[in-house]
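Report on the structure
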Amino acid sequence: MDEKNFQNAQDQSVVERLKPPFQTVKGVHDILPSDHEYFTYIKKVVRHRARQAGFKRISTPMFEFSDVFIRSLGEETDIVSKEMYTFNDKKGRSLTLKPEGTAGLVRSYIQHNMSQLAQPVMLYYIEPHFRYDRPQAGRYRQFWQFGFEILGECDPALDAQVIQIAKKINEDLGLGGLFTIQLNTIGTPESRAKYLEVLKDFYAGKERSLCENCKYRLEKNVLRLLDCKEEDCQILAKMAPAMSDYIDKESLEFHEELKSYLDELGIEYVDNPKIIRGLDYYSRTVFEFWDKNKGAQNAIGGGGRFDGLVKLMGGPETPAIGYAGGIERLIANMKREKVRVPSKDELHIFVAQLGKEAKKKCLVLIEELREAGLKTMGAVGKASINVQLRMADKFKVPYAIIIGLTEVREGNVIVRDMQKGVQEKVPLNKVISHMQDLIGDENLDKYSPTDFVY
Ligand code: HAM
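In this report, the structure presented in the accompanying data block is examined. (Residues numbered from 1 in each chain as written. Predicted model: local features only at pLDDT ≥ 70, side-chain atom pairs only at ≥ 80, totals over all residues. Heavy atoms only, no water.)

**Considering the overall build of the chain**
When helices and strands are tallied, the chain shows 16 helices and 16 strands. Taking 22 Å as the expected radius of gyration for a compact globule of 454 residues, we find that the chain reaches 28 Å, considerably beyond that expectation. Projected onto its principal axes, the C-alpha coordinates of the chain cover approximately 95 × 60 × 50 Å. Counting contacts in the chain only where the partners sit at least 6 residues apart, residues at least 24 apart contribute 69% of the total. (Helix = DSSP H or I, 4+ residues; strand = E, 2+ residues; numbered from the N terminus. Rg over C-alpha atoms; globule rule 2.2 N^0.38 Å. Contact = heavy atoms within 4.5 Å.)

Written as structure tokens, this is what we have:
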């Protein structure tokens, strides 16, 4: 499709979305029930691994003052310069939908004086984020991340633990062997400053070989030239002076120590000097989880140290390390790998009734069945028993309970095995325990939010 046709098609798609029947805005998607099974499973895995290691959950607001992100991520980063959803509220204040989780979390750490709590403070989140990215497979404008952040201690053993938890989560999700861990150290901002000068000198006179993006980055964010995905830029990046020759000795020692911990934990990694990450707040450790087949494209997650961020945002000197994983990308991998997730949405019973009296009885029965852990629907519509049984079939329930006028009079119900097509009469006062036996204790949905013990 040529440029003009492409533009026409784009315009057409916008017009289509703007009139009834409406469609989602480009780059965002509904999470339908079939995908929620994956979401639920991933959230459970994340919560489990977080609690096991002492992390507590935090949710920061969906939007913050724009400066929270501009200051922490850096004005010249792709996210701040191109991808933020920024708007003015009625009082003219500039607000931004959160494009990532670390900045708001750090704002919260400072606002709530968390430096007074026992350190390190270990927090995790599972939240939607918003970036005006170019939509494509694995790249959305609203997407979910889970993240882990440890604030208040500086020790490579913590970096190792964050990487370990991220890896464990991938394994729990059945994606263990799919990713490589790309690891690097980018030193302290001070030592990096020297390297940035060297890098600028290296690129001087080579501008014509760079992509448009990198020509711009050369002025504003020269480090990003190292991880550009364009072929010509990659060739130059390979020839560029190595960062490790310029960054401070302590950072290099810190990196060596981290690697020795990863070795001890049996965690494989690739020492990749070209990993720099796209956000200004990082210092020292940076890492990404790459698909073994696709490389840098669509990383499943990434993180690193942000030792200077709390101070930069107005708080006390506070070292920190964190990681965030992309939930939609994990789900895409799980689907591709045919990872099965538990489905708890299937119904056990459909209750079909005939007549007003039977409907009254069956409403009470439905409630009792549900309270007993049996997932039940029924009392829908006024159609004949046969029509209702066809409905039961469509909802794929293993059992139907039928209550007609005779059953109400006799105090019985009919229990129908939908697969075998056989049915039996059961006294109304025995039907709960009878159904529990049929469904099996282990399959009952008996969760109650009020069932907890101190
Ligand atoms: P990030 O690399 O920008 O890091 O995002 C982390 C992950 O979010 C990515 O690896 C990817 O899986 C997912 N992701 C990012 N953008 C999109 C998108 N447009 N569509 C779908 N998924 C996406 C951060 O956000 C840092 N806050 C991570 C961190 C935490 N560093 C320290 N602590």
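**Quick notes on helix α14 (residues 385–394)**
Taken residue by residue, α14 has Ile385, Gln388, Leu389 and Ala392 as its buried positions. End-on, the buried residues of α14 take up no more than an arc of 100°, which puts them together on one face. Exposed positions of α14 whose direction lies more than 90 degrees from the buried face are Asn386, Arg390 and Lys394. For α14, the elements touching its buried residues are β12 (349–353), β14 (399–403) and β15 (412–417). A positive backbone phi angle near 55° is found at Lys396, which sits one or two residues after α14. (Buried < 20%, exposed > 50% of the residue type's maximum accessible area, 1.4 Å probe, protein only. Arc of directions from axis to C-beta.)

**What about the pattern of salt bridges?**
Pairing between side chains of opposite charge can happen when the charged atoms of each approach one another. Under the criterion given, the structure shown has 24 salt bridges. Across the pair Lys335 and Asp35 runs a salt bridge whose closest N-O atoms are separated by 2.6 Å. Pair noted here: Lys335 is in helix α12 (residues 327–336) and Asp35 is in helix α2 (residues 33–53), with a separation of 300 residues, a long-range link. With a relative accessible area of 40%, Lys335 lands in the partly exposed category. Here Lys82 ties to Asp78 by a salt bridge, and the two come within 3.7 Å at their closest N and O atoms. With a gap of 4 residues between them, Lys82 and Asp78 both fall in helix α4 (residues 78–83), about one helical turn apart. (Salt bridge = Lys/Arg side-chain N within 4 Å of Asp/Glu carboxyl O.)

**Some points on the sheet that holds β15**
Taking strand neighbours across the sheet as the criterion, the 5 strands line up as β13-β12-β14-β15-β16 in an open arrangement whose pairing is mixed. Strands at the two margins of the open sheet, each flanked by one partner only, are β13 (376–378) and β16 (422–427). In this sheet, neighbouring strand axes are inclined to one another by 25° on average, regardless of whether the strands run parallel or antiparallel. Along the sheet face, α14 touches β12, β14 and β15 and points at about 170° away from the line of β12. (Pairing = 2+ DSSP bridges. Axes fitted to C-alpha atoms, helices over the stretch in contact; angles between N-to-C directions.)

**Here's the deal with the packing of aromatic side chains**
Scanning the entire structure with this criterion turns up 14 aromatic pairs. The interplanar angle of 70° and the centroid separation of 6.1 Å between the aromatic rings of Phe63 and Phe87 together place this pair among those described as edge-to-face. One end of the pair, Phe63, is in strand β2 (residues 63–65); the other, Phe87, is in strand β3 (residues 86–88), and 24 residues separate them in sequence. Aromatic rings pair up to connect Phe55, Tyr124, Phe146, Phe148, Phe287, Phe289 and Tyr323 into one cluster. (Phe/Tyr/Trp six-rings, centres within 6.5 Å; stacked < 30°, edge-to-face > 60°.)

**A short note on the state of the cysteines**
Within this structure, the stated rule accounts for 0 disulfides. There is no disulfide at Cys228, and the cysteine sulfur nearest it, in Cys214, is 3.6 Å away. (Disulfide = S-S within 2.5 Å.)

**Some words on the site of the ligand**
Close to the ligand lie 26 residues; Glu100, Arg131, Tyr140, Glu149 and Tyr282 are nearest. In this structure, Glu149 approaches the ligand through a side-chain N or O atom, which is 2.7 Å from a nitrogen atom. Those elements that place two or more of their residues in the shell around the ligand are β6 (142–151), β10 (301–305) and β11 (320–326). Residue classes in the shell around the ligand are distributed as 10 nonpolar, 9 polar and 7 charged. (Near = heavy atom within 4 Å. Polar contact = N/O pair within 3.5 Å; in protein donor to acceptor, adjacent residues only side chain to side chain. Nonpolar A, V, L, I, M, F, W, Y, C, P; charged D, E, K, R; others polar.)

**As for the sheet that holds β3**
What links the strands of a sheet is backbone hydrogen bonding, and the strands pair in either a parallel or an antiparallel sense. Ordered in space as β2-β4-β3, the 3 strands form an open sheet in which the pairing is antiparallel. Here the strands that pair on one side only, and so sit at the sheet edges, are β2 and β3. Direction aside, the axes of adjacent strands within the sheet are offset by 35° on average. Bridging between β3 and strand β4 (residues 94–97) involves 3 bridges; their strand directions are antiparallel. Among the inter-strand pairings, Thr86 is bridged to a residue of β4, identified as Thr96. Each of β2, β3 and β4 is contacted by helix α3 (residues 66–73), which is oriented at about 75° to β2, the strand it contacts most.

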